[in-house]
Structures are given as C-alpha cells and as structure tokens.
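Topology and contacts: notes
Below are the chains, spelled out letter by letter.
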Amino acid sequence: MKRRIPILIVSITGFLLTVQYFCPHPYSEAFYNNALDWLVIIGIFAMPLGIYSMVRIQFQKVARQESGWGFAVISLISLFVMLGLGYTPKCLEAGSFFMKLFEFIYIPIQATMFSLLAFYIASAAYRAFRARNLLASIVLVSAILVMLGRVPIGMAIHPIFPEIADWIMNFPNMAAQRAINIGLGLGAASTAIKIVLGVERSYMGFE
Amino acid sequence: MCKTIRLLLGLVAGVVLCSLSAVCAMEPAVISMDYSVTPRILKSKPVAKVDDVSSDGIIAVKITWDPLDAEILPYIENILIYRSAISDDDFKLIGTLKAESTEYIDASDTEARIDPAAGPVRSNWVYYYKIGVLTREGFIFLFSAEDYIIPQPVWFDIEKIAPFIATLIFFILVIGFIQVARRRGADLYVRPIAGMNEIDNAIGRATEMGRPILYVLGLGSPEDIATIASYTILARVAKKTAEFRTDLIVPCNEPIVMTIAQETVRNAYLEAGHPDAYSDDMVFFVTSMQFAYVAAVNGLMLRERTATNCYFGKFYAESLLLSETGNIAGSIQVAGTDEVAQLPFFVTTCDYTLIGEELYAASAYLGRDPLLLGALKAQDYAKAITMVLIYLATIALSVNIAGITIFVKGLIDYL
Amino acid sequence: MMNIWDKLLNLDRRFIYLAVFLAAIIPFLFPVGLEINPTQEVISIYNFIEELPEGTAILLAADYDPQTEAENGPQARALLRHMFKRNLKVIIMTLSQDGAALAEMLTKSIAEEYEKEYGVDYTYLGYKPYPSIIILSIGQDFRISYPADFYDTKLNDIPMMREIKNYNDLAAIIQIGGGNVSNMWLTYAQERYKVKLALAVTAVSGPQYYAFLQSKQIFGLIGGLKGAAEYETLLESEYDRLHLHKKAIQGMNVQNFVHILIIALTIIGNIAFFMKRHPKHMKTKG
C-alpha cells in the first residue's frame, strides 16, 4: 500500500497533465494552474529539510572534531549571519551590510570558482587532447580551428578562420548535437511514459 | 443709412477678422475638414466577420473587417467595437482602436472594458458585434458584423496535432514492447555499456583500498530525467557498498533530491541485508549554490581521498571542476550526463563516460526488468522511425520533384 | 633518465596554471586592440531590437549567477542599454537565486544612465524559485507567480504592467544565462507558448544552442564574452556617446591570448606524444 498509492497518484496526475497539454478548455487550464500552485507549495516544504540536514552534518563535524571541522564552523557562522542579516530592515538596499557582504565577498568568491575553469581547461586540454588515431586527430584539428576562429586574432591571421569555425559549429557540430538531442528527447519521453505507467519507480527511492 | 453702412462695415470687418484669426490659429499640418467624407465612408462600408478563436482556457471572439480607404483615414478618429448579447439587445462599447486597425479580439480574460456593464465574453452565449467608425467631427457610423456567434470552449488544440500523433505512436510502441517483453522475459538484447560494467570494478577497487566512494547526483532538479536515471545507478552502487561494507558519500545539491537519495540508499542497504550499516549522514544536503557545492565536494574528495567518484545526472560548468579535481586526487571516475556541452569535459577527465541516453538506459540495463527493457526497445524503434522520416524528407527536398517538395515543405511549415 | 619529451608529457600542471595566469594578466595590463566582427546570430538580435516600435514591451530574463557575471554581465548591460536607447518598455526578472541582487544592481545602474522611470519605462520583478513552473505560469498571467514586483508593489498598480498580461503582450524574451534555465525557456515558453526567444549564454554552453538557432526556435544567440564584445561593437557609438567602458571588448584581449596559449599547449603536448611514440620515425626523417 505504501508503494501503490504514490504510484497511483503519479500515474493519474501524469495522465491528466498529458491530456491537459492537448486540451485548451477552461477546466483543463484551471486544473493545470492548480497543479502548478501545488508544485510550488510542495517544493517550498522541502527546503527546511535540506537546511536541517546541512546544519546537522556541520554540527556533528564540529562536535566530533572531524577533519576540516574548522570549515564547518565557518559554514555555520556564514549561514546564520546571512540569515540574520536577511531579516534586518532595508537589507536589500544598496550600501547595506547584507549587500556589502553579497557584493564584495559572495560575488568575488563565486566568480573565482568559475574562473578556475580556465586553468582546468588548459590543463585538461594539454593532457587529453592527443592525436591518438584518425578520429582523435579530426577532433583535435577541429578544436584548434574553432578556438582560432572564435577570437579576433583568428580574423587578424586570415578571414577564413572565422568562416571555418562557423562552418564547424553550424554543420558537423549541429548534426552531432541534433542526433544526441533526438535520442535524449525520445529517452525523456520514454521515461515519462514509464513513470506514468508505473514501470519506472526509482524516483521514489525503490526499484 | 449711415447707421446701416456702419453696421454692414462692422459685420464685414468682423467676418474678416474672425477668418483671419481662424487662419492664424490653424497649424500648417491640420487638414481642412471635408464634409464629403461621410458619403465616402458609407460608400466603402467595411465588411466585418466574426470567428471563434477560443484557446488555452480563454474564450475569445476575433472580429475582422476590411481596412478603411487610406484617403479617408485622416478624417477618422477611432474605430469603436460594440457587443450585444441576445438576452440584452442594447450594444455596449467594449473597445476603441486606431483608425487603421483591422481586427479586435474580444477575450474572456481582457479586464479593461470601456463599458463595465459589458462584462467578459462567455462560452455558449449568442453575441452580435458592431463596428463604429468615429469621424473627427464626432459622427459615428455603425456597421454590423455579418453574422452572430456562439463561442465554444475548445477541447482539442488542433495546432498540436503533430505532437499528439507522435505521442500516440510512441505510447503504443512502449505499451506494445512492454507486452512483448512480458511474454519473452528479459530476452531482449541491449548493447553492453562499458561505463556501467566498470562501476562494479570501481567499487571493488575502493573496497580493496579501504577508501570511500563518492556519488554525485549533479545539479538537476528531482524531475529531471537524468536525475531519475541517477537514482537507479545510486541504488545499484549502494547495494554493492552495503555488501562490501565500503563507505559511501552522497552530497546533494537539492533538498528533494536528497530526500529521495536517502530513501534509495536506505532501501538498497535493506535489500542487501545490512540496514544497520545505513545512516542518514551518508546522504546529506550541502548547498543549492553551484560553485559553493563544487567547493564542498572538491574539499570532500581531497580530505576523504575517495577511491572512486561517480557523477551521474545533470551537470553544468561544475563538471570539469569536479572531475579534474578527482583526476588530481587520482580517483577512478565514472560519469554520465545528458548535458551535451559537458560531455567533452567528462570524456577527457573520467575513465568511463555514459553519453546522453546511455544514462537513461541505465535502469533497464542494470535491472534487466523486462518491462524496462521493453520501453528501451520502443525508444529504439521510435528513433528508427524518426531517422527514416528525416531521410525521406531530405531525399524528397533534394530530388526536387515539384509535388513532393511542395507537400514536404508544407508539412514542415505546418509542423 | 627522463628525456625532454617525457618531461613535457608529465609536465606539472602548476606550470600550465602559471602560463594561463600570465596569458590572462599581461594582455589585461597591455591591451592589443583587434577588430571584432559581429556574427549573424548577434546581429539578428540587434536588428530585432532596433526595428521594434518605441514603447513595445520586452522581457529580459537575467537568469545568471555571480559566477558567470564576467561573461553574462557585459551581455546583459549591452542588451539593456540597447533596449533603453530604443525606448522599449522592459520587464526584468530572474530565475536565479543569486541573480536577484545582481539583476537589481544592473537594472538600477543602466536605468540611471538613461534617466528611465521605474514603473513607466521598466519594471523589476525579482526572483522566484522553481523556474519551470514560473515560466509556465507567465504563459497564463504574470500575476500568478508575480502578484507584486521586487519592491512589493502590486503589478496592477504599476502603470506599464497594466497593459501586460502574459507572453502575448511581449515582443520577445531575451534570456541571459545558459544551462538548465535556458532549456526551460526553450521548452516551456518558446515551444509551448510560441513566444519569440533569443538567448545570451556562457561560451561553454553556446555550441548546444546552434541547433535551436537553425530550427528558428531562437532568433538570435549571444555566446560568451565574444558575443558580448560583438554586441558592444554594434552599439559602439552609444558606448562612446555615454563614455562607457567596453568591458567585453577589453576582455577579448585576454581571451585571445588564452586561446592561443591553449592551442600552443595542445600542439606541444602532441609533438611530445608523437616523439615519444615514434622516436625512430622522427630520427630517420630528420
């Protein structure tokens, strides 16, 4: 029973929403809007669960003095400080302490993490981009041509480079992307049907 | 006599002055009034039609009329739209439009109406419409629409016929193959997926080294197909780690995903016969921020020195940051995602990568459940049909046989 | 003993990091001006905005986070400047949790440049969670998910919003971000409600949207910093008029050198790989 009822709810809702997509009747639209409201409500209920899990794990780390427990202390302090400041009046106005923390600590930290990609891409490209066989060589040459064609220096060397880069992006790249996307689309539709039919149950934590 | 002359002169002077002041007050752009416009409007009486265009839960009537002659447009102030219900035969003003307008949609969701008594248009009521042409002098010429209309809510959106047929065919294929699979059992061939086979070896390696396994479900939301596929692989990994008594770490990015992952791992440990080995601390929420999550997971990898890292689900810019760190740490790495842009990063840094739908096929591949295998087969056939259609359309457009080309182009435009 | 090819093949990655750092910092300090030629996918967005009648409503979905600000920020600024220059009515919203404050800062600063009035020329709706649901609900009515704007003013009390109900009242949506949320705009707004959509995405996610460009599901695409630099080039006279800093164009100097460095590293790596695998072959040839 514990498993059947959720599957039944999923099947009925899934079937009704599939029908709703094709049916523009006011009743169908009202049902759909209602479903959207419920999704938001249920989604918000899950947030405290996540915060509870995070706080519990970090507290445990501190209590047991596990490796890296100092970071756990920083995480907890950051969480509560930002949470507290979020309740202060006018916290979202420019120049508030909350906004200063956001602008001068949070944004630079996030941007730094993203910028690590440049270093990692260079290192991964150096290590992995090898002309091991014909196919790998084609990938290698295409990558170099696209990289050259995508920056102004490619144009400065020869106007043909941007054209080659555009051709690679618009034809071979797109053909491969489309093939994968069609497969993904069918895969997604198949999974959706399996869920509606109750065949796929992994999303509920059991097979 | 003198009095009369003075009066006449005064009158003439008054007329001249009035005319002069009128001329002076007139701006050069003003078009002089032409009262002959009235018969011309009557002559070019616009023909108005009404259509039911109800869709998306909105009742709507579209009124269209012939455009007014360009030469009379400067004399027209506005076009007015009037509506009357059969139960209430006086016409109410529902809209004012520019003189050059040629259509108006009277929809049930339009809030601003000039005459509030008009109310929104409703389904199954009989409506008459009139169009008023308001001239700059303030005359209104009314013309009735050719017919009355009874708007009806639509039950099926005809514009979605193509996806409807495709869905129906696909649905039939899936159900059909599930039936075939039921009869033939698990006797349906699925091509071996190297990455999937490697998971077991990777778990074995972690056990030998006595180091934990890291499982990352990606940044997807719980309803993403990649995340759903990832739960299945997580169940398999958790079952193995339960059997081998290897530590499993599952840091999550989304609270609902975390809840489902906890349930998945708990059930896997139960099925493996080691429910006591499970703890909620194995599956935990870190943060929903993309790069803060990366920092936390990278820290875990380096501190815990994980032997095997599994990345299955939706990944974005963090894919390379995670897998390159794993590579630096010397872990065995297996990945799978449907995010095409991230595949090159995983391919370069991981030992095995599941590409796109290979990830979706995971549940069928691992479980060998006939029902899931059947659905996988249906997917293959649908793909074959799509390929055949693409090839046929390409050939039809390339050979340029007039009839076929026009038909295919029309079909493509329609779709 | 390790020969030079072995050493190159096993090069410590910290040397590569150092090289990237230098390739980024040197052109930043000593820029080399190179001509930027706008591509068709960027020009089509520019032309679309250029041809819209004044007062047309347009939605700018600034769904990016601080981490991609370096790429998405210049795109957003260039687009918003163009929209304000054309006197369009702009609705700005974000579906990124961290993007709310960023989008607000962006909106306020650019509106000040153009002396635009809040509620009349532009409206900032702020952030709402669960992007797919929000995108779907706007198809019905903005007011379902956004009964009020970011500053808690009811939408019906905002002059420009009184006339705007859903996607039908918008000329187009231009979404800035990339990744999951861009896909949702494609699936739920473009595909379901047939609204005109253009994307401004990070360079890494750019290639996957070319297919949608060709199938005309999006009418334009601004990819990464390069796309932003192209847009700045198209708006060059406007940037010069207002004496604005062309951040993306300057950033392209850095990108130039880093691309060249990666190409050079790849070639060096391959020479080492080839020499290691076929030492004799090279010897006989030489």
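Residues numbered from 1 in each chain as written. Chains lettered and ligands numbered in written order. Predicted model: local features only at pLDDT ≥ 70, side-chain atom pairs only at ≥ 80, totals over all residues. Heavy atoms only, no water.

1. Considering the overall build of chain C
- Looking only at helices and strands, chain C has 13 helices and six strands in total.
- With respect to the principal axes defined by its C-alpha atoms, chain C has extents near 80 × 40 × 30 Å.
- Relative to its full complement of 286 residues, chain C shows a buried share of 59%.
- As displayed, chain C offers around 11,900 Å² of accessible surface, 58% of which is attributable to carbon and sulfur atoms.
- Of the side chains in chain C, 28 bear a positive and 30 a negative charge, and the two mean positions are spaced by 11 Å. (Helix = DSSP H or I, 4+ residues; strand = E, 2+ residues; numbered from the N terminus. Buried < 20%, exposed > 50% of the residue type's maximum accessible area, 1.4 Å probe, protein only. Areas by Shrake-Rupley, 256 points an atom, 1.4 Å probe, with all protein chains shown as cover. Lys, Arg positive; Asp, Glu negative; His and termini not counted. Charge placed at Lys NZ, Arg CZ, Asp CG, Glu CD.)

2. Concerning the environment of C:Q97
Residue and element names in this part refer to chain C.
- Assignment of secondary structure puts Q97 in the loop between β2 (89–94) and α5 (99–114).
- Since its relative accessible area comes to 41%, Q97 is described here as partly exposed.
- Spatially, the C-alpha atoms of Q97 and R77 are 19 Å apart, while their sequence positions differ by 20 residues.

3. Quick word on the domain arrangement of chain C
- For chain C, the assigned domains read domain 1 (4–30 + 252–285) and domain 2 (40–245).
- Computed from C-alpha atoms alone, the centre-to-centre distance between domain 1 of chain C and domain 2 of chain C is 39 Å. (Domains from an automatic or database assignment.)

4. Some remarks on the sheet that holds strand β3 (residues 122–127) of chain C
Residues and elements named next belong to chain C.
- Strand order in this open sheet of six strands is β3-β2-β1-β4-β5-β6, and the pairing throughout is parallel. Each having just a single partner strand, β3 and β6 (221–223) make up the two edges of the open sheet. Ignoring strand direction, the axes of neighbouring strands in this sheet form an average angle of 15 degrees.
- Sheet analysis places strand β1 (residues 57–62) next to strand β4 (residues 173–177), joined by four bridges and oriented parallel. (Pairing = 2+ DSSP bridges. Axes fitted to C-alpha atoms, helices over the stretch in contact; angles between N-to-C directions.)

5. Comments concerning the interface of chain B and chain C
- On the chain C side, the residues contacting the 18 residues of chain B number 17 residues.
- Where chain B abuts chain C, roughly 1,400 Å² becomes buried across the two surfaces, and 44% of that area is made up of carbon and sulfur atoms.
- Applying the counting rule to chain B against chain C returns one salt bridge.
- Measuring nitrogen to oxygen at the nearest pair gives 2.7 Å for the salt bridge that ties B:E324 to C:R13.
- Tallying contributions element by element places helix α8 (residues 318–329) of chain B first for the side of chain B that touches chain C, with three residues.
- Of the residues assigned to the side of chain B that touches chain C, the class counts are seven nonpolar, three polar and eight charged. (Contact = heavy atoms within 4.5 Å. Buried area = accessible area lost by both parts, 1.4 Å probe. Salt bridge = Lys/Arg side-chain N within 4 Å of Asp/Glu carboxyl O. Nonpolar A, V, L, I, M, F, W, Y, C, P; charged D, E, K, R; others polar.)

6. Remarks on helix α6 (residues 255–271) of chain B
- Here α6(B) is 17 residues long and its end C-alpha atoms lie 24 Å apart, about the 24 Å a rise of 1.5 Å per residue gives.
- Inspection of α6(B) places B:P255, B:V257, B:M258, B:I260, B:A261, B:Q262, B:T264, B:V265, B:N267, B:A268 and B:Y269 among the buried residues, and these make up the whole buried set.
- Packed against the buried residues of α6(B) are α2 (26–64) of chain A together with β8 (213–218), α5 (225–244), β9 (248–252) and β10 (283–285) of chain B.
- One side-chain oxygen of the residue at the start of α6(B) lies 2.9 Å from the amide nitrogen of B:I256, identifying that residue as B:E254. (Expected span 1.5 Å × (residues − 1). Polar contact = N/O pair within 3.5 Å; in protein donor to acceptor, adjacent residues only side chain to side chain.)

7. A look at the interface of chain A and chain B
- The partner chain B presents 68 residues to the 62 residues of chain A that form the contact.
- Inspection of the region where chain A meets chain B yields two salt bridges.
- When the shortest N-O distance is used, the salt bridge between A:R127 and B:E324 registers 3.0 Å.
- Linking chain A to chain B there are eight residue pairs in polar contact (both at pLDDT 80 or more).
- At the level of secondary structure, the elements contributing two or more residues to the side of chain A that touches chain B comprise α1 (4–22), α2, α4 (97–128) and α7 (160–197) of chain A.
- Residues that form the side of chain A that touches chain B fall into these classes: 35 nonpolar, 17 polar and 10 charged.

8. Here we look at the pattern of salt bridges
- Per the stated rule, a full pass over the model turns up 30 salt bridges over all chains.
- The partner of B:D106 in a salt bridge is B:R83, and the shortest N-O contact between them spans 2.8 Å. In this pair, B:D106 sits in strand β5 (residues 103–107) while B:R83 sits in strand β3 (residues 76–85), placing the two residues 23 residues apart along the sequence. Taken as a pair, B:D106 and B:R83 share a single burial class, namely buried.
- Where B:R236 meets B:D200, a salt bridge forms, and the shortest distance between an N and an O atom there is 3.2 Å. Highlighted residues: B:R236 in helix α5 and B:D200 in helix α4 (residues 194–209), separated in sequence by 36 residues.
- Among the residues examined, B:R236 registers a relative accessible area of 27% and is labelled partly exposed.
- If you follow the salt bridges from partner to partner, you end up with A:R127, B:E324 and C:R13 in one network.

9. Here we look at the pairing of β1(C)
Residue and element names in this part refer to chain C.
- Summarising burial for β1: six of the six residues are buried, a large majority.
- Neither face of β1 is open: one carries A57, L59 and A61, the other I58, L60 and A62, and all of them are buried.
- Both β1 and β2 contribute to a ladder of five bridges, which runs parallel. Residue pairing for β2: I58 is matched across the bridge by V90.
- The parallel pair β1 and β2 is bridged by helix α4 (residues 69–85), and the resulting crossover is right-handed. (Right-handed = clockwise from strand over helix to strand, strands pointing away.)

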